[in-house]
Amino acid sequence: MKKIFYLIKHDIKDGARYNFKKYIFTVILFLVFCADVYSQYKIHTERCNVLFQPTICDYILYIFRGMREYDPNLSEAFNIPAAWFAVQLGIAYFVGNYPTKDTEGYGIQYIIRSGSKCLWVASKCIYSAIATVQFYLIGYVVVAFWALLFGRFEFSLSEDIGMYISNINAEVITDSIFVICVLVLPLLTSIAVSIFQTVLMLVVRPIYSYLAIIVIVSASAYYKTYFLPLNYSMIFRMSPIVAGGLDPYIAVIIDIFLIILTVIFGCAIIRKFDFLEKRL
Amino acid sequence: MYIDIVNYTKIIKKRTVLADVSLNFERGKIYGFRGANGSGKTMLLRAISGLITPTFGEIRIDGEILGNDISFPRSIGVLIESPAFLASYTGLRNLELIAEIKGDATKEDLEKSLCLVGLEVGDRRTYGKYSLGMKQKLGIAAAIMEKPDILVLDEPFNALDEESVLQIQNLIIDEKERGATVFLACHDAQILDSIVDETIIVENGMARRAQ
């Protein structure tokens with residue numbers, strides 16, 4: 001237990017150093033989202049001559065709303081929701097290839113002293129989860145500051161804004177639905193996907209791991225199915241919000257199952273697979 | 001035997017980098033590895049360290065199969081490739097951070113290992129400001145600080161001045177007398193012959209004991 005604590009401590013410190021520029025990238029990314037939401041609100045308020053002040057939840061709802069189920073029969077163009085798509089790829093970029101970078105130089109000292117490849121992989125999975133949480137925290141802090149300056153520093157949904165900007169009936173979003181669909185599921189799903197990305201990165205080159213994530217993100221936007229977990233990070237795919245949506249409680253269970261399965265699979269494959277060989 | 005390498009073959013990208021290597025090693029001896037660049041010396045040291053897994057064959061350490069029973073040797077100090085540490089910390093702080101994982105080395109052990117390689121304990125300079133020779137010495141200090149049973153040193157004399165070479169040679173002999181099994185790769189035959197108990201010749205991925 002003590003070893004994994006120090007391995008994680010090393011990963012957080014070294015990962016933070018390695019990711020420093022990515023913190024700035026994340027801040028800029030969320031500032032762009034906020035500016036986009038704000039400009040849309042502004043157009044609406046000017047047009048309707050009403051005073052709308054978006055809250056923290058309004059911004060978050062907009063960023064994680066995703067898109068409704070795509071129906072190719074309706075002859076509408078398939079447009080990936082930009083904010084949601086950028087968040088998913090932003091997380092993949094934020095988690096980055098630090099785990100593979102840590103298999104050389106300074107990282108060798110830690111690998112050998114860990115005494116166990118499985119323990120080392122577990123610490124990298126935990127690092128990925130922590131990095132994902134960091135990404136969300138940075139995002140929420142930026143949104144909160146923006147709301148403080150250009151809206152209302154409140155943790156509630158505005159019905160009019162929800163309907164106009166996100167096309168979501170805020171009345172159906174109770175507190176518990178908001179917590180599970182807007183706060184818990186996007187984060188939990190991102191953690192599951194980032195752990196998958198990390199384990200995959202130890203087996204194939206990081207670039208292929210990124211490509212796999214892009215495919216999963218795009219496919220999740222196109223198909224509404226439990227088999228593509230990034231569906232769970234879209235509010236527009238959840239049953240309390242849209243008819244025929246996915247059950248958020250089943251999604252939580254699948255996410256937890258995916259996380260456990262990926263870590264076990266990672267440990268099992270890494271015992272036999274020479275993950276240090278890729279860079280030779 | 002303490003360490004047995006049994007028919008060890010490693011193929012990377014269809015290239016055989018280690019070919020059917022079978023060797024055995026005893027405790028408390030210094031084994032020197034000699035060979036041309038790209039002959040497989042470093043790869044063999046990686047194999048002993050558990051940093052690569054065999055395509056065929058196995059390595060047993062005290063009866064335990066590396067990569068099967070254990071991921072890495074239970075007690076090992078390694079200097080492979082160029083040493084790399086955190087640039088913004090002093091040498092001692094870097095050692096402290098690495099030593100935290102196993103918790104085997106005391107602060108006195110870390111300070112002693114710095115002294116043994118000729119680095120000053122109170123030096124406030126950060127690793128980023130170290131010369132190449134000092135970086136190499138810190139790498140050696142990290143390898144010996146936990147008093148490992150197996151010490152793997154790949155070209156430890158690189159970038160060292162004459163006086164430091166002598167100092168590290170004496171240190172390696174001291175490690176052997178402590179009971180450590182030392183694996184040493186060095187391109188300088190004169191240095192190698194002066195301290196090793198046995199020399200292993202590595203050629204085209206094959207290894208044999210020198211006569």
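Quick note: structure is the one above.
In this report, we go over the structure that sits alongside the text. From a predicted model like this one, the values you see are computed outputs, not experimental measurements. (Residues numbered from 1 in each chain as written. Chains lettered and ligands numbered in written order. Predicted model: local features only at pLDDT ≥ 70, side-chain atom pairs only at ≥ 80, totals over all residues. Heavy atoms only, no water.)

### Quick notes on the pairing of strand E1 (residues 3–12) of chain B
All names here are of chain B.
Move 1: As paired elements, E1 and strand E2 (residues 15–25) share seven bridges and run antiparallel to each other. Residue pairing in the sheet places Ile11 in a bridge with Thr16 of E2.
Move 2: From the end of E1 to the start of E2, which pair antiparallel, there are two residues, and Lys13 there has a positive phi angle of about 50 degrees.
Move 3: As judged from the five bridges shared by E1 and strand E4 (residues 56–61), these two strands associate in the antiparallel manner. Across the sheet, residue Val6 finds its bridge partner in E4, namely Glu58. (Pairing = 2+ DSSP bridges. Helix = DSSP H or I, 4+ residues; strand = E, 2+ residues; numbered from the N terminus.)

### Quick look at the interface of chain B and chain A
Move 1: Listed per partner, the contact involves 32 residues of chain B and 28 residues of chain A.
Move 2: Across the chain B/chain A interface, buried area totals approximately 2900 Å², and carbon plus sulfur atoms make up 55% of it.
Move 3: Its largest share of buried area at the contact with chain A, chain B owes to Leu51, Phe72 and Ile101 of chain B, together 24% of the area lost on that side.
Move 4: Where chain B packs against chain A, one counts two salt bridges.
Move 5: Note that Glu100 of chain B is salt-bridged to Lys9 of chain A, the shortest N-O span being 2.9 Å.
Move 6: Between the two partners, chain B and chain A, sit five residue pairs in polar contact (both at pLDDT 80 or more).
Move 7: If you tally residues by element for the side of chain B that touches chain A, the top one is helix H2 (residues 91–102) of chain B, at seven residues.
Move 8: A class-by-class count of the residues in the side of chain B that touches chain A yields 17 nonpolar, seven polar and eight charged. (Contact = heavy atoms within 4.5 Å. Buried area = accessible area lost by both parts, 1.4 Å probe. Salt bridge = Lys/Arg side-chain N within 4 Å of Asp/Glu carboxyl O. Polar contact = N/O pair within 3.5 Å; in protein donor to acceptor, adjacent residues only side chain to side chain. Nonpolar A, V, L, I, M, F, W, Y, C, P; charged D, E, K, R; others polar.)

### Some thoughts on the sheet that holds strand E3 (residues 30–34) of chain B
Residues and elements named next belong to chain B.
Move 1: Spatially, six strands are ordered E6-E7-E8-E3-E9-E10 in an open sheet, and the strand pairing comes out mixed. The strands lining the two open edges of the sheet, one partner per strand, are strand E6 (76–79) and strand E10 (206–209). Geometrically, the sheet is characterised by an average inter-axis angle of 15 degrees between neighbouring strands, direction not taken into account.
Move 2: Strand contacts of helix H1 (residues 41–49): E3, E6, strand E7 (150–154), strand E8 (181–185), strand E9 (198–203) and E10, with the helix running at about 155 degrees to E7, the strand carrying the most contacts. (Axes fitted to C-alpha atoms, helices over the stretch in contact; angles between N-to-C directions.)

### Quick look at the nonpolar core
A general trend in soluble globular proteins is that nonpolar side chains are found buried together.
Move 1: The biggest cluster of nonpolar side chains holds 97 residues, and the ones touching the most others in it are Phe25, Phe33, Leu44, Val152 and Phe183 of chain B.
Move 2: The biggest single contributor to this core is helix H7 (residues 117–150) of chain A, with 14 residues.
Move 3: Setting aside anything within four residues of it in sequence, one finds Phe33 of chain B in contact with Phe25, Lys41, Leu44, Leu45, Ile48, Phe183, Leu184, Ala185, Cys186, Leu192, Ile200 and Val202 of chain B.
Move 4: One finds Ile30, Leu92, Leu151 and Ile172 of chain B within the second-largest nonpolar core, a separate group that totals 44 residues. (Core = buried A, V, L, I, M, F, W, Y, C linked by side-chain atoms within 4.5 Å. Buried < 20%, exposed > 50% of the residue type's maximum accessible area, 1.4 Å probe, protein only.)

### As for the environment of Lys176 of chain B
Residue and element names in this part refer to chain B.
Move 1: Relative to the elements of secondary structure, Lys176 occurs in helix H5 (residues 162–178).
Move 2: By relative accessible area, Lys176 is classed as partly exposed at 24%.
Move 3: Lys176 has contacts with Gly28, Lys29, Ile30, Val182 and Asp197, leaving out every residue within four places of it along the chain.
Move 4: A polar side-chain atom of Lys176 sits 3.0 Å from a polar atom in the side chain of Asp197.

### Considerations on the packing of aromatic side chains
Move 1: Inspection of the entire model under this criterion finds 24 aromatic pairs over all chains.
Move 2: Judged by centre distance (6.2 Å) and plane angle (75 degrees), the rings of Phe135 of chain A and Tyr136 of chain A are edge-to-face.
Move 3: Ring geometry for Tyr136 of chain A and Tyr140 of chain A: centres 6.1 Å apart, planes at 65 degrees, overall edge-to-face. Highlighted residues: Tyr136 of chain A and Tyr140 of chain A, both in helix H7, separated by four residues, approximately one helical turn.
Move 4: Aromatic ring contacts, followed pair by pair, group Tyr23, Phe30, Phe33, Phe64, Phe94, Phe135, Tyr136 and Tyr140 of chain A into a single cluster.
Move 5: When the ring centre of Tyr127 of chain B is taken as reference, the NZ or CZ atom of Lys135 of chain B above it lies at 5.4 Å. (Phe/Tyr/Trp six-rings, centres within 6.5 Å; stacked < 30°, edge-to-face > 60°. Lys NZ or Arg CZ within 6 Å of the ring centre and 35° of its normal.)

### Describing the pattern of salt bridges
Residue and element names in this part refer to chain B.
Move 1: What the rule picks out here adds up to 19 salt bridges over all chains.
Move 2: In this structure, the salt-bridge partner of Arg125 is Asp123, at a minimum N-O distance of 2.9 Å.
Move 3: Under the relative-accessibility criterion, Arg125 is labelled partly exposed at 40%.
Move 4: When the shortest N-O distance is used, the salt bridge between Arg209 and Glu198 registers 2.2 Å. Here the residue Arg209 occupies a position in strand E10, and Glu198 occupies one in strand E9, the gap between them amounting to eleven residues.
Move 5: Taken together, the salt bridges that share partners define one network made up of Glu26, Lys29, Glu198 and Arg209.

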